[in-house]
Amino acid sequence: MKKTAAVTSEPHKSPAKAPTARTAVSSAKPPVKPKTAAERQARITAILKILDQMYPDVTCALNHSNAWELLVATILSAQCTDKRVNEVTPGLFRKYPTIRDFASASQDEMAQDIRSTGFFNNKAKSVIGAARKILSDFGGEVPQDIDKLLTVPGAARKTANVVLGSGFGIASGIVVDTHVQRIANRLDLTKEADPKKIEQDLMKIIPKDKWILFSHQIIHLGRGPCVARKPKCRECNLNTTLCYAKDKTV
Ligand code: SF4
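Residues numbered from 1 in each chain as written. Predicted model: local features only at pLDDT ≥ 70, side-chain atom pairs only at ≥ 80, totals over all residues.

Caption draft 1: Up close: the site of the ligand. Around the ligand, a shell composed of R186, L187, P225, C226, P231, C233, C236, L238, N239, C243, A245 and K248 is seen. For the shell around the ligand, the per-class residue count stands at nine nonpolar, one polar and two charged. (Near = placed C-beta within 6 Å. Nonpolar A, V, L, I, M, F, W, Y, C, P; charged D, E, K, R; others polar.)

In structure tokens, the structure reads:
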């Protein structure tokens, strides 16, 4: 596997420049909520098309060179920026080059190694536990099956989807992080607040061959214009009748 950007979402190239408000916004038309199943599907298709234009080639932003490193990086990324994780992991993977090295590590020492990512005691426990589980139950290979992966310490559903999607190219589900949680609601793709229910809703309406890319695109949208407070809708190509979020800033 190539050393490359990993999980969350990083474009290989700059996203397509957002059109100006004049060209992007159908400001003359009021927001239109789809009424029929056909209208709802057409709207989703239109949203996906715009996301493809905005973020044609985004991938995960956590640096990794194999699925194990991606799993470790994803565990460390909880409540931490990808940038900080990418600062910590090179030294970590030099110090513990194999899963066996992680499995036999001292938890206290590893906690200090990853201290700057926050929640370091729990994360060290999860990473070491994950290494031991993968060695004991899966022959030292990160399992490529979501049910098996979910038995690994530290690999809840979001992490498992990241590892399977970005580590193996397997569309096991849709990564629902804080950005996807917020934007799926803004775009009226769900009315749920619980990440598991949001994921189920999204999996019903997003074509499976789009699951991996869609997660990255929405995460990138959330780090770009569609921020939590005061979204910058003038910079967003979805700023058309497709988006009728209550907190649009136009
Ligand atoms: S709320 Fe604004 S920034 Fe977010 S998707 Fe809608 S138009 Fe784009």
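There's more to say after this.
Caption draft 2: Region of the structure containing the packing of helix α3 (residues 67-76) against helix α9 (residues 157-168). α9 packs onto α3 with a crossing angle of 145 degrees between their chain directions and a minimal axis gap of 9 Å. In this structure, α3 crosses over α9, and the sense of that crossing is right-handed. Here α3 contributes A67, L70, L71, T74 and I75 to the contact with α9, which in turn contributes T159, V162, V163, S166, G167 and F168. Within the contact of α3 with α9, the residues separate by chemical class into seven nonpolar, four polar and no charged. (Axes fitted to C-alpha atoms, helices over the stretch in contact; angles between N-to-C directions. Helix = DSSP H or I, 4+ residues; strand = E, 2+ residues; numbered from the N terminus. Left-handed = near helix turned anticlockwise from the far one by under 90°. Contact = placed C-beta atoms within 7 Å.)

Caption draft 3: Structural detail: unusual backbone geometry. At Q79, a position not held by glycine, the phi torsion is positive, near 55 degrees. Along the chain, the position of Q79 falls in the loop between α3 and α4 (82-95). Assessed through the 9 C-beta atoms surrounding it within 10 Å, Q79 is described here as exposed. Positive phi outside glycine occurs at D188, with the angle close to 60 degrees. (Buried ≥ 20, exposed ≤ 12 C-beta atoms within 10 Å, placed from the backbone.)

Caption draft 4: Representation of the confidence of the model for the protein chain. The predicted model of the protein chain averages 90 in pLDDT, with 88% of residues at 70 or higher. Confidence drops under pLDDT 50 across residues 1-7; counting only partners more than four residues distant or on other chains, this segment forms 26 contacts. The low-confidence segment residues 10-28 (pLDDT under 50) makes 32 contacts with residues lying over four places distant or belonging to another chain. (pLDDT = per-residue confidence, 0-100.)

Caption draft 5: Structural view of the packing of α3 against α4. Put simply, α3 and α4 touch, their axes get as near as 10 Å, and they point 135 degrees apart. The angle between the axes of α3 and α4 places the two elements in the oblique class. For α3 against α4, the interelement crossing comes out right-handed. Where α3 approaches α4, its residues E69, V72, A73 and L76 are matched on the opposing element by V85, V88, T89 and F93. Broken down by class, the residue content of the contact of α3 with α4 amounts to six nonpolar, one polar and one charged. (Parallel < 35°, antiparallel > 145°, perpendicular 65-115°, else oblique.)

Caption draft 6: Structural detail: the environment of N161. For N161, the position within the fold is in helix α9. Beyond its immediate stretch of four places on either side in the chain, N161 contacts S172, G173, I174 and V175.

Caption draft 7: Just the nonpolar core, in detail. Within the largest apolar cluster, 63 residues are counted, with the highest numbers of intra-cluster contacts made by L71, V127, A130 and V163. Here this core spans two domains, since at least three of its residues come from each of domain 1 (17-54 + 173-235) and domain 2 (67-168). Setting aside anything within four residues of it in sequence, one finds A130 in contact with L71, I75, V152, P153, G154 and A155. (Core = buried A, V, L, I, M, F, W, Y, C linked by C-beta atoms within 7 Å. Domains from an automatic or database assignment.)

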